[in-house]
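Descriptive analysis of the structure
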Amino acid sequence: MSKQKQLNLILLGAPGAGKGTQAVTISKKLGLVHIASGDLFRKEQESGSELGKIAKSYMEKGQLVPDEITVKMVLGRISSPDCAKGVILDGFPRTLEQARALDKALTAEGKSIDEVLYIKVSNKELLRRLSGRWICRNCQAPYNIVELPPKVSGKCDHCGGELYQRADDTEETARKRLDVYFTQTAPLIKYYTEAGKLVEIDGEKSVEEVGSDLIAVIRSKK
Ligand code: AMP
């Protein structure tokens, strides 16, 4: 059997840029494991673990969970055997320290990040999207009451799960999360540009167009 090259991707962009929606599609199309740090934290909260309790106190204020905790959790997930074919990271890294820790851990295993797909969306549009967002409690597929409503109200199109609105999607917390993004995460654009890995995608097109632009970019570099 021929060994397929591993593909490790990062989806970069502000909260509400559409990373979750696109990551679900890309992971299915390319057979990559979708790792969303926010989902990992929410699962920890649901299980009532100590890590979940710590994460909750930061998440409900729209702040980042400390790097040390986040890096340990995500790197643990990346090193699982099911990630051998590659991963698509969604919501991680979110600080320069996380990006450096990720590079270091991958290099130590003879791996690397192949591409960073930066989904660019204006501030005004981000606020509008974040306030209308609903998520499937079961499979985490995101919906938007304005632009991506489910076929049946309150139910997930993919798995029939119940849709809910995240506690940190209120307008006040959304503003805070955007502030945090611009101060702590946006410097990653420069970091990955200098590494020659960043590709910018217009995130204000339709969900389908953004998806096909992303797939085209990934396939052209493979
Ligand atoms: P998300 O689902 O990606 O929007 O993340 C929800 C919340 O989880 C964030 O507002 C943070 O509080 C926390 N979080 C998720 N990913 C990270 C990360 N890479 N670093 C620190 N905190 C994170």
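What this report covers is the structure whose coordinates are included nearby. Given the structure is predicted, the values throughout are model-derived calculations rather than measurements.

As a further point, take the packing of helix 5 (residues 96-108) against helix 8 (residues 187-194). Look at helix 5 against helix 8: their axes get within 9 Å of each other, and the N-to-C directions meet at 35°. Facing helix 5, whose interface residues are Leu96, Ala99, Arg100, Leu102 and Asp103, helix 8 presents Pro187, Leu188, Tyr191 and Tyr192. Looking at the contact of helix 5 with helix 8 residue by residue, the class counts come to seven nonpolar, no polar and two charged.

Another point: the pairing of strand 4 (residues 115-120). Among the six residues that make up strand 4, five are buried, leaving the element largely enclosed by the rest of the structure. Bridging between strand 1 (residues 7-12) and strand 4 involves four bridges; their strand directions are parallel. Within strand 4, the residue paired with leucine 12 across the bridge is tyrosine 118. Two strands pair when backbone bridges link them, and strand 4 and strand 8 (residues 198-202) are joined in this way by five bridges, in the parallel orientation. In the sheet register, lysine 120 faces strand 8, and the bridge partner there is aspartate 202.

On to the nonpolar core, then. Ranked by internal contacts, the top residues of the largest apolar core, which has 51 residues, are Leu9, Ile26, Ile35, Leu89, Leu102, Leu117 and Leu214. In this structure, Ala141, Tyr143, Cys156 and Leu163 belong to the second largest nonpolar core, which totals five residues.

Attention now moves to the site of the ligand. Contacts to the ligand come from 16 residues, most closely from Ser37, Arg42, Gln63, Gln98 and Arg177. With respect to the ligand, the side chain of arginine 42 contributes an N or O atom lying 2.9 Å from an oxygen atom. Take glutamine 63: an N or O atom from its main chain is 2.5 Å from an oxygen atom of the ligand. In isolation the ligand offers 480 Å² of accessible surface; the protein chains occlude 95% of this area.

Turning our eyes to something else, we now look at the pattern of salt bridges. The final tally for this structure, using the stated rule, is nine salt bridges. A salt bridge links lysine 120 to glutamate 200; its shortest N-O distance comes to 3.9 Å. Note that lysine 120 is positioned in strand 4 and glutamate 200 in strand 8, a separation of 80 residues in sequence.

When the terminal C-alpha atoms of helix 1 (residues 19-30) are compared, their 16 Å separation across twelve residues agrees well with the 16 Å that a helix rising 1.5 Å per residue should span. Every buried residue of helix 1 is listed here: Lys19, Thr21, Gln22, Ala23, Ile26, Ser27 and Leu30.

Another aspect to go through is the packing of aromatic side chains. Per the stated rule, a full pass over the model turns up two aromatic pairs. Here the aromatic rings of tyrosine 181 and phenylalanine 182 are separated by 5.0 Å at their centres, their planes lie at 75°, and the arrangement is edge-to-face. Its relative accessible area of 5% is what places tyrosine 181 among the buried residues. Residue classification places phenylalanine 182 among the partly exposed residues on the basis of a relative accessible area of 40%. When the ring of tyrosine 191 is compared with that of tyrosine 192, the centres are 4.9 Å apart and the planes differ by 85°; the resulting orientation is edge-to-face. Of the residues examined, tyrosine 192 reaches a relative accessible area of 1% and is grouped as buried. Directly above the ring of tyrosine 164 sits arginine 137, whose terminal nitrogen or CZ lies 4.4 Å from the centroid.

Analysis parameters
- Residues numbered from 1 in each chain as written.
- Predicted model: local features only at pLDDT ≥ 70, side-chain atom pairs only at ≥ 80, totals over all residues.
- Heavy atoms only, no water.
- Axes fitted to C-alpha atoms, helices over the stretch in contact; angles between N-to-C directions.
- Helix = DSSP H or I, 4+ residues; strand = E, 2+ residues; numbered from the N terminus.
- Contact = heavy atoms within 4.5 Å.
- Nonpolar A, V, L, I, M, F, W, Y, C, P; charged D, E, K, R; others polar.
- Buried < 20%, exposed > 50% of the residue type's maximum accessible area, 1.4 Å probe, protein only.
- Pairing = 2+ DSSP bridges.
- Core = buried A, V, L, I, M, F, W, Y, C linked by side-chain atoms within 4.5 Å.
- Near = heavy atom within 4 Å.
- Polar contact = N/O pair within 3.5 Å; in protein donor to acceptor, adjacent residues only side chain to side chain.
- Areas by Shrake-Rupley, 256 points an atom, 1.4 Å probe, with all protein chains shown as cover.
- Salt bridge = Lys/Arg side-chain N within 4 Å of Asp/Glu carboxyl O.
- Expected span 1.5 Å × (residues − 1).
- Phe/Tyr/Trp six-rings, centres within 6.5 Å; stacked < 30°, edge-to-face > 60°.
- Lys NZ or Arg CZ within 6 Å of the ring centre and 35° of its normal.

Purely geometric numbers; function is a separate question.
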